Amino acid sequence: MKIFQEEVLQQFNHFYKELDDLYHEISTATGLSDSAFDVMYVVATLGDGCLQRDICREAFVSKQTVNSSVRNLEKKGFLLLEQHGRDKQIYLTDQGKEFSEQKIRPVIQMENKIFMDLEPEERKEFVRLFRKYVDIFERHEKILLEDLK
């Protein structure tokens, strides 16, 4: 039974890494690094005026990585940062909007189509099980991190 469980987990991990690799191929095809793609994706979904912390939270990318990617995208002319109090809000430039429409929106549309290709009950079950897996993983990860100290 344990061997079967390990095989199933290996299969799950393989699928997870395969999906990650597919996203890497997409970001490469857009001409962006994975983290720059993540930034553009989040700005496209959240809209103009989002903050770097919003991107960190949505993309699960470190503040340093997001900051570096935002700076690079600003140099490329895709993003504009505006100071509003203590926060710098992020906006797409005209060039960034065009890039987003040509390269980022099609990915979002593809994801939506794929998700809608699942039956309604499959979508609910997929999200429910994946959320459950992540929640349990997080609990065990905290214990493991304490043990590793």
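Here, the structure is the one placed above.
Now for a description of the structure that goes with this document.

What counts as what
Residues numbered from 1 in each chain as written. Predicted model: local features only at pLDDT ≥ 70, side-chain atom pairs only at ≥ 80, totals over all residues. Heavy atoms only, no water. Phe/Tyr/Trp six-rings, centres within 6.5 Å; stacked < 30°, edge-to-face > 60°. Helix = DSSP H or I, 4+ residues; strand = E, 2+ residues; numbered from the N terminus. Pairing = 2+ DSSP bridges. Contact = heavy atoms within 4.5 Å. Axes fitted to C-alpha atoms, helices over the stretch in contact; angles between N-to-C directions. Patch = residues over 30% accessible without salt bridge, like charges linked within 9 Å, V, L, I, M, F, W, Y side chains within 5 Å. Areas by Shrake-Rupley, 256 points an atom, 1.4 Å probe, with all protein chains shown as cover. Salt bridge = Lys/Arg side-chain N within 4 Å of Asp/Glu carboxyl O. Lys, Arg positive; Asp, Glu negative; His and termini not counted. Charge placed at Lys NZ, Arg CZ, Asp CG, Glu CD. Buried < 20%, exposed > 50% of the residue type's maximum accessible area, 1.4 Å probe, protein only. Parallel < 35°, antiparallel > 145°, perpendicular 65-115°, else oblique. Nonpolar A, V, L, I, M, F, W, Y, C, P; charged D, E, K, R; others polar.

Notes on the packing of aromatic side chains
On inspection of all chains with the given rule, the structure shows 6 aromatic pairs. Between tyrosine 133 and phenylalanine 137, the ring centres sit 6.2 Å apart and the planes meet at 40°, which makes this aromatic pair tilted. Here tyrosine 133 and its partner phenylalanine 137 are both found in helix α6 (residues 120-148), 4 residues apart, which amounts to about one turn of the helix. Among the aromatic residues, those joined into a ring-pair cluster are Phe12, Phe126, Phe130, Tyr133 and Phe137.

A short note on the pairing of strand β2 (residues 79-84)
Bridge analysis of β2 against strand β3 (residues 87-92) gives 6 bridges, and the strand direction is antiparallel. Bridge pairing in β3 links leucine 80 to tyrosine 91. What sits between β2 and β3 in their antiparallel hairpin is a turn of 2 residues, with glycine 85 showing a positive phi close to 65°.

Some details on the environment of glutamine 64
Within the element layout of this structure, glutamine 64 appears in helix α4 (residues 63-75). Remark: the alpha-carbon pair of glutamine 64 and arginine 139, spanning 75 residues in sequence, is separated by 26 Å.

Quick look at the pairing of β3
Relative to β3, strand β1 (residues 50-51) is paired through 2 bridges, and the arrangement is antiparallel. Bridging from a neighbouring strand, cysteine 50 pairs with isoleucine 90 of β3.

Considerations on the sheet that holds β3
The sheet built from 3 strands is open, its strands ordered β1-β3-β2 with antiparallel pairing. The two strands at the open ends of the sheet, each matched to only one other strand, are β1 and β2. Its contacts with the sheet place α4 against β2 and β3, and it is angled at close to 115° to β2.

Overview of a negative patch on the surface
A surface patch of like charges, here negative, comprises Glu18, Asp20, Asp21, Glu25 and Asp34. It is helix α1 (residues 2-30) that contributes the most residues to the negative patch, 4 residues altogether. On the secondary structure map, glutamate 18 appears in helix α1. Using a relative accessible area of 39% as the deciding quantity, one classes glutamate 18 as partly exposed.

Description of unusual backbone geometry
At phenylalanine 60, a position not held by glycine, the phi torsion is positive, near 55°. On the accessibility criterion, phenylalanine 60 (77% relative accessible area) is exposed.

Considerations on the pattern of salt bridges
Under the defined criterion, the tally for this structure stands at 10 salt bridges. Where aspartate 87 meets arginine 53, a salt bridge forms, and the shortest distance between an N and an O atom there is 3.2 Å. Of this pair, aspartate 87 sits in strand β3 while arginine 53 sits in helix α3 (residues 52-59), and the two are 34 residues apart along the sequence. Of the residues examined, aspartate 87 reaches a relative accessible area of 26% and is grouped as partly exposed. Within this structure, Asp54, Arg57 and Glu58 form a network of salt bridges that share partners.

Topic: the packing of helix α2 (residues 34-46) against helix α5 (residues 94-117)
Running from N to C, α2 and α5 point in directions that differ by 85°, and their axes come no closer than 10 Å. By the angle class used here, α2 and α5 are roughly perpendicular. On α5, the residues touching Phe37, Met40, Tyr41, Ala44 and Thr45 of α2 are Gly96, Phe99, Ser100, Ile104, Arg105, Val107, Ile108 and Glu111. When its residues are assigned to classes, the contact of α2 with α5 shows 8 nonpolar, 3 polar and 2 charged.

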